[in-house]
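# Report on the structure
Residue-level listing of the chains:
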Amino acid sequence: MFSLNNQLELRRVTISSLITCVYLPSIVTVISYKGLLYSVGNASSFYILVLIFIAELLKSFYFKSVNDLQSKKSKPSKNKAGDVLKSFVFLLCVMFSFFVGIILFGAPVLDCHEETLMLSALLTLLTVFPLILHTGVETSMQLLFGVRQFGKDTIIEMLVNNALFTVCGAWLGAVVIPLDWNTPWQVWPIPCHLGAIGGYLISNVLNVLKVTLMSAAIKYPALNLLVSALNKLQISK
Amino acid sequence: MKEKWNFVLYLIWFSYLILSAVLMFGHGFLLTRKTLNDVTECLSLNDINCEGRDRGNSTLKDFCTEDEKIRRIIAMPGAPLLCAPTKSRVIFLLVDALRYDFTEYDQSIDKPLAYQNRLPIMHQTIERWPDRTRLFRFMADPPTTTLQRVKALVTGSLPTFIDVSSNFAAMELQEDNIIDQVTKGGGQVVLLGDDTWSRLIPTRWLRSHALYSFHTWDLDTVDTEVDSKIYDELQKKDWDLLIAHYLGVDHAGHRYGPNHPEMTRKLNETNERLKKVINMIPDDVLLFVVGDHGMTENGDHGGESKAERTAALFAYSPSGFGGEGPDIALGREIQQTDLAPTMSGALGKPPPAPSLGNLLLPVLPKMTVSHTLLHLVNNLKQISQYMVRYGEESQQIALEKLAGLINETRDQIDKAAAVKTEDDLRIYVTNVRLLVDNIRNVFREVWVEFDSLSMLRALLLLLLSIFFNWLITEGLPMERLTLVFASSFVPTGLIAIALCIAMCYTAFYFKILEDLEHAIILSTGLVSGGMACVLIIMHWDGITQRWYEGRSVFYERFSRSALVASAAVLTSNSYIIEEGAGLSFLALSVMALMAWNVGTLKSLALWVASGAVLAVSRSYRGCREEQGDCWTTGSGTATGQASRAALVMALGSTAAVVAIARRAIGWRGHGVVLAGLFACAHWALGWGSLGSPSRSRLLGRGAWLVLGLMFVLLWKKEIHGAFLPLTVCCLLFYVANALVLGAAYAPTAALALLSGFLALNLVSILKSEGASKFSLSTRCSSSVACLWALLASYHFYGTGHHATLGHVRWAPAFHAGDPNYLAIGPPITAALVSLELFGMPLMFGAAVPLLALWGRNGASNVGPRTQLAAVFSLCLKFSLCFAIRVFACALSATIHCRHLMIWGVFTPKLLFESGACAAALLGTVIGATLTVWHVPTQQRNS
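### Examining the overall build of chain B
Scanning chain B from terminus to terminus reveals 35 helices and 10 strands. Taking 30 Å as the expected radius of gyration for a compact globule of 942 residues, we find that chain B reaches 32 Å, a close match to that expectation. In terms of overall dimensions, chain B has a C-alpha envelope of 105 × 70 × 65 Å along the principal axes. Here chain B holds 942 residues, and the buried ones make up 58% of them. Contacts spanning at least 24 positions in sequence make up 79% of the contacts within chain B whose residues lie at least 6 apart. Here chain B contributes 80 positive and 80 negative side-chain charges, whose respective centroids are spaced 10 Å apart.

What follows is the structure in structure tokens.
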């Protein structure tokens, strides 16, 4: 997936993935030490979403800043407020469609709306939000509806891959709910919540791993096997 | 095109292989027993005169003693049973899963395990009053689950999983039992504890405090509740039999295993309890403390290992017991069947009719020779009556064997008159015990033991046919498929099978073989496997070529794994319980990936619509006991009468389906509309108190008549191919399903039809590689068949069913009148009930050819040979999906045959899955036959 030609992009991918690998586990660790891990579905744990929101925002600023340094001509942002509003509406739409999708997949229809909403908010935050931050509303809409292919842009490819891993994680999380272990975390939507976070995390870890391996493979060609094995894990093909 | 029938013949052949293997598995696994509702009667001593005859209405005074009367009765071979003149009261304390070694006491153990030496009270009582106390090993028969054990303890019989009786669904015990015997004679029974008892034997209790027993993780609720009641009950005098069922030990075993401090705590509690009860017990009362089964080292039970079978029986009576010598030795092995006749003897009642137990003299009060003889003879008479009746009702046991046993029993009864002294009695008791043991063993052979050989053989046959047919569908290239079926492969195979059957029958005729059915199934299965193997070896080059070149899309691989996953999770009880949700989750995931693959707004809309349909059908899903929440709120119980809203929904959905579908199917639409109208009128007239049941039934019959007629008309040749007849066939199945589901569930049939329609549309717009024309590899890929099988399995749950015997609804059999008045009543009842249960797999099976034919780029445009090959490969794949699911069920039943929930979860699932498989196979054969019948004749173009 990644090419070694563009060192700068590679570096950005690695650093942003590394940041994710650090901040997400720390959030999860802190809340689990606070004993709040099993309340992730409630609206009371909204601050987690805020934290993730801020972290993603900071990451995108990092992307932008490096971008500006590299290509001096920064786009003149004509109506920033309009952009923000548009992306907000777009995010709401995405969240609503996640909400409907989750209910169709088997979440309770008439109750637990709060939990389902929180899960869809998390999914939106982890999947579409970074894309919007990076490319803007219109491009991400085009990407979503398949008008534009994400061809060679390494970062977009990485972001799409992260998004797919997140959704898969949430999907897999639902598997443990029916089991009769009677544990406190087998309640809707905790496994899906944690699954989504886990999927996002794994995807980022894989990114870091791959970049490291690729740069190591220059010295040790035997590692190319591992790289190709990792490339097989790519869902976004 | 003569060879076109070969396709159908092959499908029938495959169905036969699968179903026969399932049948063979069932014979090995499902033990059946016929229940008889006979009741033992006895005459009281006052009702007979000195000649031993019924006194009738004469009130003459007797001039003989009680003893003489008894002697006289014993001397008369044909005399009726005589009630025992003495009786005591009984406390029956059932400590669930009290294994024998829990009750042992050995001071020399330094560091006792968590369950050792925890019941010292038993040991102390034995030391203090050896003649008042007995402690025996109490051997249970498999299945060692509580329900079956309670049945065994009260009836004295050997219950199997399926006790075939007149009323199959109800849990209520249909046979004669101790409780019935006591209450019939005017006695009173009090129940404390587990609600298994009150479900088995409802409404016979003087007072009952029954508690829900399914929370296996709750160690204390039931026990404390029983404790709060039992000591008060002990003070009262109004009961004859007091039953207290403690669950704590069993639940501690399930949750933690026997070797855990919690087990120590529960056993200590039991010890205190026993101490208290023994101190309080009045003089005329016998105390039996009984474990219904043991547990393995993990704390499970249900199987037949020694640890599970060895329970304990502790008996105490303040006035002392009879018996002597080796009979009263500590830890002697006695059978659980012996308790029912013994307890009824102690209560002064005759043994329950189905009992096959011995009288346990060591735990009965001391008696005179004549009284002991009376008990023994009563027992023998009851057993011989039972054998005569069982021989009349069932052919499970060879007639000569049964006749021999009956004669021996009668001989023993005759010999009783000659017994005068204690020494004679001792010999007589030993002879009777040997005889009864012998009889019980004969019955046990047919009732209790799994036939593991035929189970394994059936699994092997299933595996063989699934594997080779999978190779044929997935490996054999399409163009070769038509060649294979044009060749003599199928006729040869059928001839080989016919030869096999003929040979087996000849061998059976000359008495070389004993089990004809088994031999036929085994030999035909092996021969078919061999033929398929030869076919595959001959075409191995083509198969490897196709596998080498072929590379499937992601959604294809995913849907295959989704199907395998849906089969694999059948080994887990929690997924079986929640299978409805799981299947809809998997089906929707597969459809989501397909929609993603197409990537248009239309596909998205189709996916959302199917999701919405499945979500709506969720509200109709049933609820089973293990699901907990919904069960306790009472939504699981089926309501007999549909509500007004349900009626409106039923009428509306049927009318809508019929009205919309009618336009698309030409003149046949009128028939479907007529059938729908009849069905609607049937519900409307039968609804509420204002309706007229008789007219409603008449209309129901009218609907069936129209349906039958339309089904016959399906075979009128259609020039435009099989598409129209297949659609009509599905609609007819829809109306039939709606009819049997009744007004309350009729909308679910419409939902199923709608979801099938949406899936068909989604499948028809799947991207095919290259040419825009019909693409065999896309439209007939296994992903489509897997999706279809998942949907078909889901709609079993979507129509409000569950895989438990309690969820079988019997009302459909009677909706158009009582079929029992007809000569062919039973088959009609069976057909209607199974249509109600498995109508959805049947409908989806019949619709399988549509998967290939549907849409503008469907197979209807291509040549008949390709069309047939496409339809055939889809049909075979769909059947394979169901075969795989059945195989997984059978395998999990084999693996879990010792599991706690084997009889509650896994076996019912196996039964229902086999039913669904049979229905799906039948539907596929119907659909394939329709396609072959209507396929246009060969046009020679190009």
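That was the structure; now back to the text.
### Points about the overall build of chain A
Scanning chain A for helices and strands turns up 8 helices and 0 strands. For chain A, buried positions account for 45% of its 237 residues. Partitioning the intrachain contacts of chain A with sequence separation of at least 6 by distance along the chain shows that 73% fall at a separation of at least 24. About 12,700 Å² of surface is accessible on chain A, with carbon and sulfur atoms providing 70% of the total.

### Quick look at the packing of aromatic side chains
Tallied over the entire structure, the rule returns 39 aromatic pairs over all chains. Consider the rings of Phe7 of chain B and Phe485 of chain B, whose centres lie 4.8 Å apart with planes at 25 degrees: the pair is stacked. Taken together, the residues span a long stretch of sequence, with Phe7 of chain B in helix H1 (residues 4-29) and Phe485 of chain B in helix H17 (residues 478-486) at a distance of 478 residues. By the burial criterion, Phe7 of chain B is buried, and Phe485 of chain B matches it. The rings of Phe105 and Trp171 of chain A together with Phe554, Phe558, Phe585 and Trp607 of chain B are connected pair by pair, giving a single aromatic cluster. Lying over the aromatic face of Tyr115 of chain B, Arg99 of chain B brings its terminal NZ or CZ to 5.2 Å of the ring centre. Just above the ring of Trp933 of chain B sits the side chain of Lys717 of chain B; from NZ or CZ to the centre is 4.8 Å.

### Details of a nonpolar patch on the surface
Residues and elements named next belong to chain A. Taken together, Phe46, Val50, Phe53, Ile54, Leu58 and Phe61 make up a surface patch of nonpolar side chains, about 570 Å² in accessible area. Following the sequence through the fold, Phe61 ends up in helix H2 (residues 46-70). A relative accessible area of 52% places Phe61 in the exposed class.

### Here's the deal with helix H32 (residues 825-846) of chain B
Residues and elements named next belong to chain B. Between the first and last C-alpha of H32 there are merely 26 Å, a value that for 22 residues lags more than 12% behind the 32 Å anticipated at 1.5 Å per step. By the largest-angle criterion, Phe838 marks the main kink of H32, which is about 70 degrees, and a proline, Pro841, follows within four residues. Judged by how many residues are buried, H32 sits mostly within the fold: 16 of 22 residues are covered.

### Observations concerning the interface of chain A and chain B
At the interface, 17 residues of chain A touch 18 residues of chain B. Summed over both partners, the interface of chain A with chain B buries about 1,500 Å², with 70% contributed by carbon and sulfur atoms. Per-residue buried area on chain A facing chain B is highest for Leu104, Phe105 and Trp171 of chain A; these three make up 46% of the total on that side. The interface formed by chain A and chain B holds 0 salt bridges in total. Taken together, the connections running from chain A to chain B amount to 4 residue pairs in polar contact (both at pLDDT 80 or more).

### Quick look at helix H6 (residues 154-173) of chain A
Taking 1.5 Å of rise per residue, 20 residues should cover 28 Å, and H6 of chain A covers 28 Å from first to last C-alpha, within 8% of that figure. Extensive coverage of H6 of chain A is indicated by the burial of 15 of its 20 residues.

### A word on the packing of H17 of chain B against helix H34 (residues 864-895) of chain B
When two helices pack together, their arrangement is given by the angle between the helix axes and by the axis-to-axis distance. Residues and elements named next belong to chain B. Direction vectors running N to C along H17 and H34 enclose 95 degrees, while the axes themselves pass 10 Å from each other. With respect to their mutual orientation, H17 and H34 come out roughly perpendicular. Contacts from Met478, Leu481, Thr482 and Phe485 in H17 reach Arg865, Ala869, Phe872 and Ser873 in H34. Of the residues in the contact of H17 with H34, the class split is 5 nonpolar, 2 polar and 1 charged.

### Examining unusual backbone geometry
Geometrically, the link from Trp188 of chain A to Pro189 of chain A is a cis peptide bond, its omega value of -5 degrees lying close to zero. Positioned with a positive phi, Lys511 of chain B is a non-glycine residue whose angle comes to about 60 degrees. Inspection of the secondary structure assignment puts Lys511 of chain B in the loop between helix H18 (489-509) and helix H19 (516-538).

### Quick look at the confidence of the model for chain B
Residues and elements named next belong to chain B. Counting all residues, the mean pLDDT for chain B is 86, and 93% of those residues have values of 70 or more. Between the elements of chain B, mean pLDDT differs from a low of 59, seen in strand E4 (residues 162-164), to a high of 94, seen in helix H31 (residues 782-798). Overall, residues 165-169 carries pLDDT values under 50, and its contacts beyond four positions in sequence, including any with other chains, amount to 9 contacts. The model gives residues 635-639 a pLDDT under 50, and that stretch makes 6 contacts with residues more than four places away or in other chains. Here the prediction assigns the complex a pTM of 0.78, and the interface score ipTM is 0.91.

### Here's the deal with the sheet that holds strand E3 (residues 133-139) of chain B
All names here are of chain B. Strands sit in the order E6-E5-E7-E2-E8-E9-E3-E10 across an open sheet of 8 strands; the sheet is mixed. Both outer strands of the open sheet, strand E6 (207-211) and strand E10 (333-335), are each paired with one neighbouring strand and no more. Here the average twist between neighbouring strands, direction ignored, is 20 degrees. Note: strand E5 (residues 189-194) against E6, 5 bridges, orientation parallel. Residue pairing for E6: Val190 is matched across the bridge by Arg207. Sheet strands in contact with helix H10 (residues 261-280) are strand E2 (89-95), strand E7 (241-246), strand E8 (285-290) and strand E9 (310-316), and its direction is about 170 degrees off that of E8.

Criteria and cut-off values
Residues numbered from 1 in each chain as written. Chains lettered and ligands numbered in written order. Predicted model: local features only at pLDDT ≥ 70, side-chain atom pairs only at ≥ 80, totals over all residues. Heavy atoms only, no water. Helix = DSSP H or I, 4+ residues; strand = E, 2+ residues; numbered from the N terminus. Rg over C-alpha atoms; globule rule 2.2 N^0.38 Å. Buried < 20%, exposed > 50% of the residue type's maximum accessible area, 1.4 Å probe, protein only. Contact = heavy atoms within 4.5 Å. Lys, Arg positive; Asp, Glu negative; His and termini not counted. Charge placed at Lys NZ, Arg CZ, Asp CG, Glu CD. Areas by Shrake-Rupley, 256 points an atom, 1.4 Å probe, with all protein chains shown as cover. Phe/Tyr/Trp six-rings, centres within 6.5 Å; stacked < 30°, edge-to-face > 60°. Lys NZ or Arg CZ within 6 Å of the ring centre and 35° of its normal. Patch = residues over 30% accessible without salt bridge, like charges linked within 9 Å, V, L, I, M, F, W, Y side chains within 5 Å. Salt bridge = Lys/Arg side-chain N within 4 Å of Asp/Glu carboxyl O. Expected span 1.5 Å × (residues − 1). Bend = angle between axes of the 7 residues up to and from the residue. Buried area = accessible area lost by both parts, 1.4 Å probe. Polar contact = N/O pair within 3.5 Å; in protein donor to acceptor, adjacent residues only side chain to side chain. Axes fitted to C-alpha atoms, helices over the stretch in contact; angles between N-to-C directions. Parallel < 35°, antiparallel > 145°, perpendicular 65-115°, else oblique. Nonpolar A, V, L, I, M, F, W, Y, C, P; charged D, E, K, R; others polar. pLDDT = per-residue confidence, 0-100. Pairing = 2+ DSSP bridges.

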